[in-house]
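Topology and contacts: notes
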Amino acid sequence: MSQQLSVKHLLGIKDLTKEDIELIFQTADNFKEVINRPIKKVPSLRDTTVANIFFENSTRTKLSFELAEKRLSADVVNFSASGSSVSKGETLIDTVNNILAMKVDMVVMRHPKPGAAVFLANHINASVINAGDGTHEHPTQALLDAFSIREKLGTVEGKKVVIVGDILHSRVALSNIFCLQKLGAEVMVCGPKTLIPKYMSDLGVKVEHDLIKALNWCDVANMLRIQLERQDIKYFPSLREYSMLYGLNRSILDGLTKEIVVMHPGPINRGVEITSDVADSKQSIILDQVENGVAVRMAVLYLLAQNSGFKQ
Ligand code: CP
């Protein structure tokens, strides 16, 4: 297997090969071992500066990238749009070029607009990692999700994964579909007709509107949040009705023909898409996903740094 990624930036899973994903997983296996040691730091990114620039809210992704960078001994600067000069009318390119003038090697960016990471990568010399661009892609989330399935079930190939919920507004769904399919999994999406884009079947994804049928089909259910902040119109009558039809609870889980693995990328709306007794159950790997996020992001940062010329 090649020891190098085929890309200089991580803008979306769509751009990665199966070999890239396997290399990221192998590297993450090593970093997972490192972060479970008493001394959790390695010098791999010493003298490398990473800027985390977040134009949209985040808890998991922001903390996870920062921890991954610090575990690799990188110098880290954090930028949030709120309280910055963006509110005074500064453009994205001007903002980032000012940050880069301070000699930054890599940029991790979250932005509400689809395509923002690609735009940035076309205009700057630093390596860009997409930490979520609007409804487009969230590549490191998909990588950590697939890595967690591989860890729990031994492999991703041949597994059946259903993604349930607000597929229309979800960057996690699209990145997961690309990642799981590249690794040989079968993918289904499940939710109300209004929240499933028509192009899903063109991607080779099964579509199911009945939650029980979808759950009886799958090995793994990835439960997504309803993204009310991206919905400009009403897509279903009420959250209560959504929850009655598409919420996962203990009695549904107990009534299935087999034991399935339950995932959620976070943030969770407890009692809407998933009840607490499921989110906190033995079948849930939600906190494993969060733990694996650090190792996977360390792998992505390390491999991109090797490819970018500033690190040998
Ligand atoms: N999963 C995820 O992207 O969470 P945050 O929005 O908290 O980063």
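Everything here concerns the structure above.
1. A few points about the overall build of the chain
A tally of helices and strands in the chain yields 11 helices and nine strands. For 312 residues, the compact-globule estimate of 2.2 N^0.38 gives 20 Å, and the C-alpha radius of gyration of the chain, at 19 Å, lies within 12% of that figure. When the backbone C-alpha atoms are referred to their principal axes, the chain occupies close to 55 × 45 × 35 Å. Residue burial in the chain is summarised as follows: out of 312 residues, 55% are buried. Restricting to contacts in the chain with at least 6 residues of sequence separation, those with at least 24 account for 73%. Approximately 13,700 Å² of the chain is accessible, and the part contributed by carbon and sulfur atoms is 51%. Within the chain, the 35 negative side-chain charges are centred at a point lying 2 Å from the centre of the 36 positive side-chain charges.

2. Quick look at helix α2 (residues 60-71)
For α2, with 12 residues, the first-to-last C-alpha span of 16 Å sits near the 16 Å given by 1.5 Å per residue. Turning to α2, its buried residues number three or more, namely T61, S64, F65, E66, A68 and E69. Contact partners of the buried residues in α2: β1 (49-54), β2 (75-80), β3 (106-111), β4 (127-133), α5 (139-153) and α11 (286-307). The positive-phi residue at the C-terminal boundary of α2 is S73, with phi of around 70 degrees.

3. Describing the layout of surface pockets
By volume, the largest pocket is sized at about 430 Å³. Along the wall of the largest pocket there are 20 residues; nearest its centre are R110, R171, R225, G266 and P267. Counting residues per element, the ones that place at least two in the lining of the largest pocket are α2 and α6 (171-182). Each pocket or cavity is described by its volume, and for the second largest pocket that value is around 300 Å³. Looking at the second largest pocket, it is lined by 23 residues, and the ones nearest its centre are R60, P265, I286, L287 and V290. For the lining of the second largest pocket, the secondary structure elements donating two or more residues are α2, α5 and α11. For the lining of the second largest pocket, the per-class residue count stands at 11 nonpolar, eight polar and four charged.

4. A word on the site of the ligand
Around the ligand lies a shell formed by S58, T59, R60, T61, R110, H138, Q141, P265 and G266. Between Q141 and the ligand, the recorded distance is 3.0 Å, taken from a side-chain N or O atom to a nitrogen atom. A distance of 3.3 Å is found between a nitrogen atom of the ligand and a backbone nitrogen or oxygen belonging to G266. In isolation the ligand offers 260 Å² of accessible surface; the protein chains occlude 92% of this area. In this structure the site holding the ligand corresponds to the largest pocket. Residue composition of the shell around the ligand, by class: one nonpolar, six polar and two charged.

Thresholds, definitions, all that
Residues numbered from 1 in each chain as written. Predicted model: local features only at pLDDT ≥ 70, side-chain atom pairs only at ≥ 80, totals over all residues. Heavy atoms only, no water. Helix = DSSP H or I, 4+ residues; strand = E, 2+ residues; numbered from the N terminus. Rg over C-alpha atoms; globule rule 2.2 N^0.38 Å. Buried < 20%, exposed > 50% of the residue type's maximum accessible area, 1.4 Å probe, protein only. Contact = heavy atoms within 4.5 Å. Areas by Shrake-Rupley, 256 points an atom, 1.4 Å probe, with all protein chains shown as cover. Lys, Arg positive; Asp, Glu negative; His and termini not counted. Charge placed at Lys NZ, Arg CZ, Asp CG, Glu CD. Expected span 1.5 Å × (residues − 1). 1 Å grid on protein atoms, 1.4 Å probe; cavity = no way out; pocket = protein on both sides within 12 Å on 5 of 7 lines; lining within 4 Å. Points joined across faces, edges and corners; volume = space filled by probe spheres on them. Nonpolar A, V, L, I, M, F, W, Y, C, P; charged D, E, K, R; others polar. Near = heavy atom within 4 Å. Polar contact = N/O pair within 3.5 Å; in protein donor to acceptor, adjacent residues only side chain to side chain. Sits in = over half its atoms within 2 Å of the grid points.

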